[in-house]
Amino acid sequence: MPVLPIVLTTLMFVATTSCTTMFGGRDEDSLTLTDGREAIAVVIQPGKEKAAYSRKPRKFWVDIRTNTKDEVKKMYAALASGESIAAGDLARERLKKYPGDQDGLVVLAGSLALDKKYDLAAYYSKMILKKDPGHPLAHNILGLQAMMRPKSRMADFNEAIGHYARAFENDNEVAGGLNLGNLYLELGNSGAAEQVFAEVSKRCENCIDGLMGYGIATSRNGRYQKAVAIFDQVLDQQSNHSGALYQMALVQQNGYRNQEKAIDYLETLLAESKTSDTYVKERAQSTLRKIKTERPVEPIDADTMIAEDEPTAPQQDFEPSDELQLIDEKPAEDDTGVEDGTLE
């Protein structure tokens, strides 16, 4: 089973682009961190080089970390910019001065999760929930821990779904939705995934990660016209987005049986020298070879297609295999020296 892109928090699924317009200069005054829920987003994507996601560009957070004298803002800015070691060090320093400090625990848990120390991150997440039972970061990390257990079973995925859904209950939360939607897709529940990603896309102002999930879910539900419109939005933001180009090719091939357009999208993807996603390239090459060896068929005219229905209802009766392998990596042991929110 493929490894999912995992999102930690909307403080917040899995990512590498900004959800908001790019800001110029430093705007430290706009950063309020009363309980660690505002402003940042952290994403874990196993196997990917980029591990941090923010609603604002990385430079915004680097500037704050460099210039602010506020240790809490500096700490969160380090985490938002993906600097897990620096964020963890700052969190430990704060916990030395203020044992059990909630901000320190939040940043420490996030930094540990970025370093793939999921069990230890979950330990501190449970401490966070003692003070704030609905904290989205903590629930996302606990969902992540459940999913990344060796030889994960459906019970583990159901546990993860519960944590992601709880995180997503927060009105401004995006990460929980990205995780929830991606997990639904992996489990074959495209109806539920479409509903989740529709809401995610609203909350993150049509960020690429939300739109990609939304487009994939709608295409799997047979809503091809809607899927094309969604992937067009992605390509408007990033014309060489390999995932969107590949999904467009699949919609044209499988939805409209338009081999010519499918080939055009695949060849555009493969000709793009900046495409570094080898997995997508390999899939594109395989799909292109398959299409070129197939017998030509008459495309379906989009104007003659039956009107698309509303999003399908969540597939509550879906029963996948009980044992689904995700990843065999066990988190490293604790080396933080932090115990019960205090430092010695």
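Since we're looking at a predicted model, the values are computed, not measured.

Caption draft 1: Local environment of the overall build of the protein chain. Looking only at helices and strands, the protein chain has 14 helices and five strands in total. For the protein chain, the residues scored as buried account for 54% of the 344 residues in total. Summed over its atoms, the accessible surface of the protein chain is roughly 16200 Å², and 47% of this surface lies on carbon and sulfur atoms.

Caption draft 2: Examining the side chain of S219 more closely. Relative to the assigned elements, S219 resides in helix α10 (residues 208-220). Accessibility expressed as a relative area gives 13% for S219, which makes it buried. For S219, the contacting residues outside a window of four places in its chain are Y224, A227, Q247 and V251.

Caption draft 3: Representation of the side chain of Q145. Mapped onto the elements, Q145 comes out in helix α6 (residues 136-147). If we skip the residues at most four places from it in the chain, Q145 touches Y118, D119 and A122.

Caption draft 4: Summary view of the packing of helix α1 (residues 58-67) against helix α2 (residues 71-80). Across the interface, α1 lies against α2 with an axial gap of 8 Å and an inter-helix angle of 150°. Where α1 crosses over α2, the handedness of that crossing is left-handed. Along its contact with α1, which presents W61, I64, R65 and T66, the element α2 presents K73, K74, A77, A78 and A80. When grouped by side-chain class, the residues that make up the contact of α1 with α2 number five nonpolar, one polar and three charged.

Caption draft 5: Region of the structure containing helix α3 (residues 84-97). With 14 residues, α3 should reach 20 Å at 1.5 Å per residue; the first-to-last C-alpha distance of 20 Å fits that figure. Turning to α3, its buried residues number three or more, namely S84, A86, A87, G88, L90, A91, R92, R94 and L95.

Caption draft 6: Structural view of the pattern of salt bridges. Inspection of every chain in the model, using the stated rule, returns 12 salt bridges. The partner of E169 in a salt bridge is R166, with the nearest N and O atoms 3.5 Å apart. Residue R166 is classed as partly exposed on the basis of its relative accessible area of 33%. The shortest N-O distance in the salt bridge between R203 and E199 comes to 3.0 Å. Of this pair, R203 and E199 both sit in helix α9 (residues 190-203), four residues apart, which is roughly one turn of the helix. Connected via shared salt-bridge partners are E71, R94, K97 and D101.

Caption draft 7: Layout of the environment of F168. With respect to the helices and strands, the residue F168 is situated in helix α7 (residues 154-168). A C-alpha to C-alpha distance of 9.3 Å links F168 and H139, two positions 29 residues apart in sequence. Residues in contact with F168, not counting those within four places in the same chain, are E173, G176, G177, V196, E199, V200 and R203.

Caption draft 8: Unusual backbone geometry, seen in detail. Phi is positive for K116, which is not a glycine, with a value near 65°. With respect to the helices, strands and loops of the structure, K116 is situated in the loop between α4 (102-114) and α5 (118-131). The phi dihedral of K151 falls on the positive side, at around 55°, and the residue is not glycine. Along the chain, K151 falls in the loop between α6 and α7. Given the relative accessible area of 52%, K151 is considered exposed.

Caption draft 9: Region of interest: the packing of α5 against α6. In the contact formed by α5 and α6, the axes pass within 8 Å of each other and the chain directions differ by 145°. At the point where α5 passes α6, the crossing takes the left-handed sense. Here α5 contributes Y118, D119, A121, A122, S125, K126, I128 and L129 to the contact with α6, which in turn contributes L137, A138, H139, I141, L142, L144 and Q145. Along the lines of polarity and charge, the residues of the contact of α5 with α6 split into 10 nonpolar, three polar and two charged.

Caption draft 10: Molecular detail of the packing of aromatic side chains. Tallied over the full model, the rule gives three aromatic pairs. A centroid spacing of 4.9 Å and a plane angle of 75° characterise the contact between Y123 and Y124, whose relative ring orientation is edge-to-face. Above the ring of F168, the side-chain terminus of R203 is found at 4.0 Å from the ring centroid.

Caption draft 11: Fine view of the environment of N258. Tracing the backbone shows N258 in the loop between α12 (242-255) and α13 (259-271). The sequence separation of N258 and P296 amounts to 38 residues, and the corresponding C-alpha distance is 9.2 Å. The contacts of N258, once residues within four sequence positions are left out, are Q252, Q253 and P299. A polar contact is formed between the side chain of N258 and the backbone nitrogen of K261, at a distance of 3.0 Å.

Caption draft 12: Just the nonpolar core, in detail. Core analysis: the biggest nonpolar cluster contains 83 residues, and Y124, L183 and F231 have the highest contact counts within it. In contact with F231, other than residues within four places in its own chain, are M212, G215, I216, A244, Q247, M248 and V251. Core analysis: the second largest hydrophobic core is formed by five residues, F60, W61, A77 and A80 among them.

Conventions we followed
Residues numbered from 1 in each chain as written. Predicted model: local features only at pLDDT ≥ 70, side-chain atom pairs only at ≥ 80, totals over all residues. Heavy atoms only, no water. Helix = DSSP H or I, 4+ residues; strand = E, 2+ residues; numbered from the N terminus. Buried < 20%, exposed > 50% of the residue type's maximum accessible area, 1.4 Å probe, protein only. Areas by Shrake-Rupley, 256 points an atom, 1.4 Å probe, with all protein chains shown as cover. Contact = heavy atoms within 4.5 Å. Axes fitted to C-alpha atoms, helices over the stretch in contact; angles between N-to-C directions. Left-handed = near helix turned anticlockwise from the far one by under 90°. Nonpolar A, V, L, I, M, F, W, Y, C, P; charged D, E, K, R; others polar. Expected span 1.5 Å × (residues − 1). Salt bridge = Lys/Arg side-chain N within 4 Å of Asp/Glu carboxyl O. Phe/Tyr/Trp six-rings, centres within 6.5 Å; stacked < 30°, edge-to-face > 60°. Lys NZ or Arg CZ within 6 Å of the ring centre and 35° of its normal. Polar contact = N/O pair within 3.5 Å; in protein donor to acceptor, adjacent residues only side chain to side chain. Core = buried A, V, L, I, M, F, W, Y, C linked by side-chain atoms within 4.5 Å.

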